[in-house]
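Observations on the model geometry
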Amino acid sequence: LVELGVEVRPSTRATNLTEAGVQIGDEFIPCRVKIWAAGNNASFVGKTLGIPVDRVGRVIVNNDLTIPGHPEVQVIGDLANFPHQTGEPLPGISPVAMQQGRHAARNVLAMINGRKPQRFRYRDKGTMATIGRNKAVADLKFMHLSGLPAWLAWLFVHIVFLVGFRNRLLVLFQWAWAYLTFDKGARLITRNFQSEQRPPV
Ligand SMILES: Cc1cc2nc3c(=O)[nH]c(=O)nc-3n(C[C@H](O)[C@H](O)[C@H](O)COP(=O)(O)OP(=O)(O)OC[C@H]3O[C@@H](n4cnc5c(N)ncnc54)[C@H](O)[C@@H]3O)c2cc1C
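Residues numbered from 1 in each chain as written. Predicted model: local features only at pLDDT ≥ 70, side-chain atom pairs only at ≥ 80, totals over all residues. Heavy atoms only, no water.

Some words on the pairing of strand E2 (residues 21-24)
Definition in use: Pairing between two strands requires that DSSP report at least two bridges joining them. Secondary structure follows DSSP: runs of H or I at least 4 residues long count as helices, runs of E at least 2 residues long count as strands, and numbering of each begins at the N terminus.
For strand E1 (residues 16-18) and E2, the ladder comprises three bridges, and the chain directions are antiparallel. Across the sheet, residue Thr-18 finds its bridge partner in E2, namely Gly-21. Counted along the chain from E1 to the antiparallel partner E2, the turn is two residues long. One ladder, built from four bridges, connects E2 with strand E3 (residues 27-30); its direction is antiparallel. Within the sheet, the bridge partner assigned to Ile-24 lies in E3 and is Glu-27. Counted along the chain from E2 to the antiparallel partner E3, the turn is two residues long, and its residue Gly-25 has a positive phi close to 60°.

Overview of the site of the ligand
Basically, it comes down to this: When we say a residue is near a molecule or strand, we mean one of its heavy atoms is within 4 Å of it. By the criterion applied in these results, polar contacts are pairs of N or O atoms within 3.5 Å in which, for protein atoms, one can donate a hydrogen and the other can accept it, and in which residues neighboring in sequence qualify only through two side-chain atoms. Where accessible areas are quoted, they stem from the Shrake-Rupley method and a 1.4 Å probe; at the residue level, only the protein chains shown are allowed to cover. Classes in brief: Ala, Val, Leu, Ile, Met, Phe, Trp, Tyr, Cys and Pro nonpolar; Asp, Glu, Lys and Arg charged; the others, Gly included, polar.
Val-45, Gly-77, Asp-78, Gly-92, Ile-93, Ser-94, Pro-95, Ala-97 and His-158 make up every residue found near the ligand. Between the ligand and Asp-78, the relevant distance is 2.7 Å, taken from an oxygen atom to a side-chain nitrogen or oxygen of the residue. Residue Ser-94 places a side-chain N or O atom 2.8 Å away from an oxygen atom belonging to the ligand. In isolation the ligand offers 1000 Å² of accessible surface; the protein chains occlude 32% of this area. For the shell around the ligand, a count of residues per class yields four nonpolar, four polar and one charged.

Things to note about a nonpolar patch on the surface
As a reminder, the rule being used: By definition, no residue in a patch forms a salt bridge, and every one has over 30% relative accessible area; like charges are joined within 9 Å, nonpolar side chains (Val, Leu, Ile, Met, Phe, Trp, Tyr) within 5 Å. Salt bridges are identified by distance alone: a Lys or Arg side-chain nitrogen within 4 Å of an Asp or Glu carboxyl oxygen.
Residues Leu-1, Val-2, Leu-4, Val-6, Val-8 and Ile-131 make up a contiguous nonpolar surface patch of roughly 520 Å² in combined accessible area. Topologically, Leu-4 is positioned in the segment before E1.

Looking at the pattern of salt bridges
Here is the rule: Only protein chains enter the accessibility calculation, which uses a 1.4 Å probe; a residue is then buried when its area is under 20% of its type maximum, exposed when over 50%, and partly exposed in between.
Applying the stated criterion across every chain, the model contains four salt bridges. Its salt-bridge partner being Glu-7, residue Arg-9 comes within 3.0 Å of it at the nearest N-O pair. The partner of Arg-58 in a salt bridge is Asp-54, with the nearest N and O atoms 2.8 Å apart. Neither residue differs from the other here; Arg-58 and Asp-54 are each classed as buried. The network of salt bridges with common partners includes Glu-7, Arg-9 and Glu-27.

Considering the domain arrangement of the chain
Operational definition: Domain start and stop positions are those given by an automatic or database domain assignment.
On domain assignment, one finds that the chain holds domain 1 (9-38), domain 2 (44-112) and domain 3 (127-185). Computed over C-alpha atoms only, the centres of domain 1 and domain 3 are separated by 30 Å.

Focus on the packing of helix H2 (residues 147-160) against helix H3 (residues 165-181)
Where we set the bar: Comment: axis = line fitted to C-alpha atoms, over the contacting stretch for helices; angle = value between 0 and 180 degrees taken between N-to-C directions. Orientation categories follow fixed angle ranges, with anything under 35 degrees roughly parallel, anything over 145 roughly antiparallel, 65 to 115 roughly perpendicular, and all other angles oblique. For this analysis, residues touch if any pair of their heavy atoms sits within 4.5 Å.
Direction vectors running N to C along H2 and H3 enclose 150°, while the axes themselves pass 9 Å from each other. Taken together, H2 and H3 sit at an angle that is classed as roughly antiparallel. Contacts between H2 and H3 involve Trp-151, Trp-154, Leu-155, His-158, Ile-159 and Val-160 from the first element and Arg-168, Val-171, Leu-172, Trp-175 and Tyr-179 from the second. Within the contact of H2 with H3, the residues separate by chemical class into nine nonpolar, one polar and one charged.

This is the structure we're talking about:
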C-alpha cells in the first residue's frame, strides 16, 4: 500500500464522518471521497429472530449452526457469529460461508433422516487479498506469497471457485480484457440500488 502512495495509519480510529471529511481524534482530514473498509452491520434479518445478536447484528449460533430454541433453523455466513472454535467469531469471508453452507446442507439431510445436526468445524486453508494490479498477499499456511505470484494464485483460486464452466470462462475473459486495456468498467456499479427497507426491531 505504501508503494501505491497510501499513507497507512495503524491503530487509528475514525471518530466522525461528515460530508467535508473524516475526524480522527483531534485531527480533521478534509476529503470529499471516503471509502469505508472497516466492515458493515449484518442484515437486519438477524434481529427479527428474537434471539441474541452481537454488536454488528450477527446471530450468535450454536456450535452446530442452529439457533437457540430452534433446532430446525440454521444461520450461516456473514449473518452468523460462530464463536465456538477460537472464542472469537469466525471472519466474514467466503470460505467460512461456503463451508458453513455445505455443513448446513448435511445437517438438513441428517435431520430429515431423524439424526441430530452435527457440530461445525471451520478448516482454515489460508488467506488471500489483492490490493491492485499484480499486487497481492497470500498466506497459504505452508507458504507465504506476495507480489505477482500471490496475485496469480489469487486469480486462479477465484476462477476455480466460480460455479460453472461458462461463468469461469466469462470472468476470465473479462479480467483478461480489463488487464490488457486498463479498463475498470467491470468494477463499476451502474445500477441504482434502493436502500434496504428495515422494519422496526
Ligand atoms: C466488497 C467485498 C469484497 C469481498 N472480498 C472478499 C474476498 O476477497 N475474499 C473473501 O473470502 N471474502 C470476501 N468478501 C466477503 C464475502 O463476500 C462474504 O463473506 C460472503 O459472500 C458471505 O456469504 P453469505 O452467503 O453469508 O452472504 P452474501 O454473499 O452476502 O449473500 C447473502 C444473500 O442474501 C440476500 N439477501 C439479503 N437480505 C435478504 C432478504 N431480506 N431476503 C432475501 N435475500 C436477502 C443478498 O441479496 C445476497 O444475495 C468480500 C465482501 C465484500 C462486500
